[in-house]
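Listed below are the residues making up each chain.
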Amino acid sequence: MKIKTILKTVGSLHLVLGVLLINMLIFSVDTIAPSVSAETLLFIRGTADVVAATNIGIGFLLIISSSIRDHESAKKVLLGELALMSCLLIVAVFNTLNAGVIVDAGPPPPFWIVLITNPVLCTYGLLKGK
């Protein structure tokens, strides 16, 4: 698989994750957490929309970076994405293991798809990408 394709794929996954998060914040907060106070809901929305916008921005950055022609520079972008996803994966595993103790819960399933798929694709691209 070409590094260009991997960058477009992981970028697209970030875009999808950001859009899903925004849709969740706008349309389904009442069904996910009906007993949350208005103050808490505003705090969560204020944080989550920044996370959603960050994912959308990273997605566009990776898709635009897929046009890099220099193989070594494209590999550095993959390495940066792998470092980012490793940090996010560590936090997600920590939150999942400590659900109900330190935090309320770990990330929902769509996040796990991105948290697992992106590092696997980046690792493959670093080792065997063309």
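The written sequence of each chain sets the order in which its residues are numbered from 1. Reporting of local features is limited, given that this is a predicted model, to residues whose pLDDT is at least 70; pairs of side-chain atoms are given and counted only at 80 or more, and all residues count toward the totals for whole chains, interfaces and linings. Water and hydrogen atoms play no part in the side-chain values, which are based on all heavy atoms of the structure.

(A) Up close: a nonpolar patch on the surface. Nonpolar side chains collect at one region of the surface, where I22, I26 and F27 lie side by side and expose about 320 Å² of accessible area between them. Mapped onto the elements of the fold, I22 is located in helix 1 (residues 3-27). Each patch groups residues whose relative accessible area exceeds 30% and which form no salt bridge, using 9 Å between like charges and 5 Å between nonpolar side chains of Val, Leu, Ile, Met, Phe, Trp and Tyr. All accessibility values rest on the Shrake-Rupley procedure with a 1.4 Å probe; residue burial counts only the protein chains present in the view. By definition, a salt bridge exists where a carboxyl oxygen of Asp or Glu is found within 4 Å of a side-chain nitrogen of Lys or Arg. Helix and strand assignments follow DSSP, with helices taken as H or I runs no shorter than four residues and strands as E runs no shorter than two, numbered in order from the N terminus.

(B) Spatial organisation of the nonpolar core. Buried Ala, Val, Leu, Ile, Met, Phe, Trp, Tyr and Cys residues that are joined via side-chain atoms within 4.5 Å together make up what is termed a nonpolar core. Whether a residue is buried, partly exposed or exposed follows from its accessible area with a 1.4 Å probe, protein chains only, as a fraction of its type maximum: under 20%, in between, or over 50%, in that order. Counting 12 residues, the largest nonpolar core consists of I3, I6, L7, V10, I58, L62, A74, L78, L82, L121, C122 and L126. Broken down by secondary-structure element, the contributors of at least two residues to this core are helix 1, helix 3 (38-65), helix 4 (71-97) and helix 5 (109-128). A total of four residues in this core trace back to one element, the largest contributor, which is helix 1. In what follows, residue pairs with any heavy atoms lying within 4.5 Å of each other are defined as contacts. With near-sequence residues (within four places) excluded, I58 lies in contact with H14, E81 and L84. Formed by nine residues, the second largest nonpolar core is a distinct cluster that contains L13, L17, A92 and V114.

(C) Fine view of the side chain of N98. Examined against the element boundaries, N98 turns out to sit in the loop between helix 4 and helix 5. With relative accessibility at 18%, the residue N98 sits in the buried group. Polar side-chain contacts of N98 include one of 2.9 Å to the backbone oxygen of F94. In protein, a polar contact requires one atom able to donate a hydrogen and another able to accept it; more generally it is a pair of N or O atoms within 3.5 Å, and residues adjacent in sequence count only if both atoms are side-chain atoms.

(D) A look at a positive patch on the surface. On the surface, a cluster of positive charge is contributed by K2, K4, K8, R69 and K130. Residue position: K130 is located in the segment after helix 5. Positive charges come from Lys and Arg alone, negative charges from Asp and Glu alone, with His and the N- and C-terminal ends not counted. Each charge is placed at NZ for Lys, CZ for Arg, CG for Asp and CD for Glu.

(E) Summary view of the side chain of S65. Considering the arrangement of structural elements, one finds S65 in helix 3. Here L61 takes part through its backbone oxygen, which lies 2.7 Å from a polar atom of the side chain of S65. Sequence-distant contacts of S65, that is, excluding residues within four places in its chain, are made with L7 and V77.

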